[in-house]
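An overview of the molecular structure
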Amino acid sequence: DTEVTQTPKHLVMGMTNKKSLKCEQHMGHRAMYWYKQKAKKPPELMFVYSYEKLSINESVPSRFSPECPNSSLLNLHLHALQPEDSALYLCASSQRDRGVSEKLFFGSGTQLSVL
Amino acid sequence: LAKTTQPISMDSYEGQEVNITCSHNNIATNDYITWYQQFPSQGPRFIIQGYKTKVTNEVASLFIPADRKSSTLSLPRVSLSDTAVYYCLVGDMNTGGFKTIFGAGTRLFVKA
């Protein structure tokens, strides 16, 4: 199984809603990532978890709250978002094995629309 | 992390070989060069990675000159399904994927 699965595929939410994005991988990878991608732009790194600990937060607003319950799961909790937060949210994982290729495996993303 | 510069877009025809060049003038000694492909509404997909000279796999070839200040992704005999955005990334593999930062990418459009 070389897949990263993200749910839901599409999400529409109001600015006062609370929602969560989910990501799952069963490749035994120990690093997991959240990226945000606006239309016709490259993915922007948001968070990195390494061995279930948050290791990188790229100055992301607190209305985005990541969580890594175990080595296979990654969540992104959303609260009080703004319309400009509408984007494709991508989850990725990698082996975290120093000395070999740090290849990232991406999910298909969640297309988020904030109204 | 070394910054990369790629052409914004390229056009090609089916059956042609496509070469996309990436400049990374301040590449560090430990840096590897990695290319990803992304289709609309999908996550990027790893294509190829190399350190020097030439790397080839079933999808593409990667040519890296001796000074390593640039690299060229070569896609042999493209088809319509190769229409995508191609990203060149440079980073130290030993620090892992902690900061896999994407540049602007090259939009390749393959025509019939």
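In this text, all values refer to a predicted model and were calculated from it rather than measured experimentally.

Some details on the overall build of chain B
In terms of regular secondary structure, chain B is built from zero helices and nine strands. Counted from the first residue to the last, chain B has its helices and strands arranged as β-β-β-β-β-β-β-β-β. In terms of overall size, chain B behaves like a compact globule, its C-alpha atoms giving a radius of gyration of 13 Å where 112 residues would be expected to give roughly 13 Å. Across its three principal directions, the C-alpha atoms of chain B cover 40 × 30 × 25 Å. Counting all 112 residues of chain B, 47% fall into the buried class. In chain B, of all internal contacts separated by at least 6 residues, the share reaching a separation of at least 24 is 58%. When the accessible surface of chain B is summed, it comes to about 5,600 Å², and 52% of that surface belongs to carbon and sulfur atoms.

Focus on the environment of C22 of chain B
Residue and element names in this part refer to chain B. In this structure, C22 sits in strand β2 (residues 18–23). In this structure the C-alpha to C-alpha distance between C22 and F46, which are 24 residues apart in sequence, comes to 16 Å. Sequence-distant contacts of C22, defined by excluding residues within four places in its chain, comprise T4, T5, Q6, W35, K69, S70, S71 and C88.

Structural notes on the pattern of salt bridges
A complete count under the given rule lists four salt bridges over all chains for this structure. The salt bridge involving D85 of chain A is made with R63 of chain A; its shortest N-O contact spans 2.7 Å. Remark: R63 of chain A occurs in the loop between β6 (53–57) and β7 (64–70) and D85 of chain A occurs in the loop between β8 (73–79) and β9 (87–94); sequence separation between them is 22 residues. A relative accessible area of 23% places R63 of chain A in the partly exposed class. A salt bridge links K111 of chain B to D11 of chain B; the nearest nitrogen and oxygen atoms lie 3.8 Å apart. You can see K111 of chain B sitting in strand β9 (residues 106–111) and its partner D11 of chain B sitting in strand β1 (residues 9–13), a full 100 residues away along the chain. The exposure class of K111 of chain B is partly exposed, given its relative accessible area of 27%. The exposed category is assigned to D11 of chain B, whose relative accessible area is 53%. Each of K36, R63 and D85 of chain A takes part in salt bridges that share partners, so that together they form one network.

Things to note about the state of the cysteines
All names here are of chain B. For the coordinates displayed, the defined rule picks out two disulfides over all chains. One disulfide in the model links C22 with C88; its S-S distance is 2.2 Å. Between C22 and C88, the disulfide has an S-S torsion of -80 degrees and is therefore left-handed. Separated by 66 residues along the polypeptide, C22 in strand β2 and C88 in strand β8 (residues 84–92) bring together distant segments of the chain. A single burial state applies to C22 and to C88, both of which are buried.

Rules and cut-offs
- Residues numbered from 1 in each chain as written.
- Chains lettered and ligands numbered in written order.
- Predicted model: local features only at pLDDT ≥ 70, side-chain atom pairs only at ≥ 80, totals over all residues.
- Heavy atoms only, no water.
- Helix = DSSP H or I, 4+ residues; strand = E, 2+ residues; numbered from the N terminus.
- Rg over C-alpha atoms; globule rule 2.2 N^0.38 Å.
- Buried < 20%, exposed > 50% of the residue type's maximum accessible area, 1.4 Å probe, protein only.
- Contact = heavy atoms within 4.5 Å.
- Areas by Shrake-Rupley, 256 points an atom, 1.4 Å probe, with all protein chains shown as cover.
- Salt bridge = Lys/Arg side-chain N within 4 Å of Asp/Glu carboxyl O.
- Disulfide = S-S within 2.5 Å.

Honestly, that's just the spatial picture; any functional story needs more than this.
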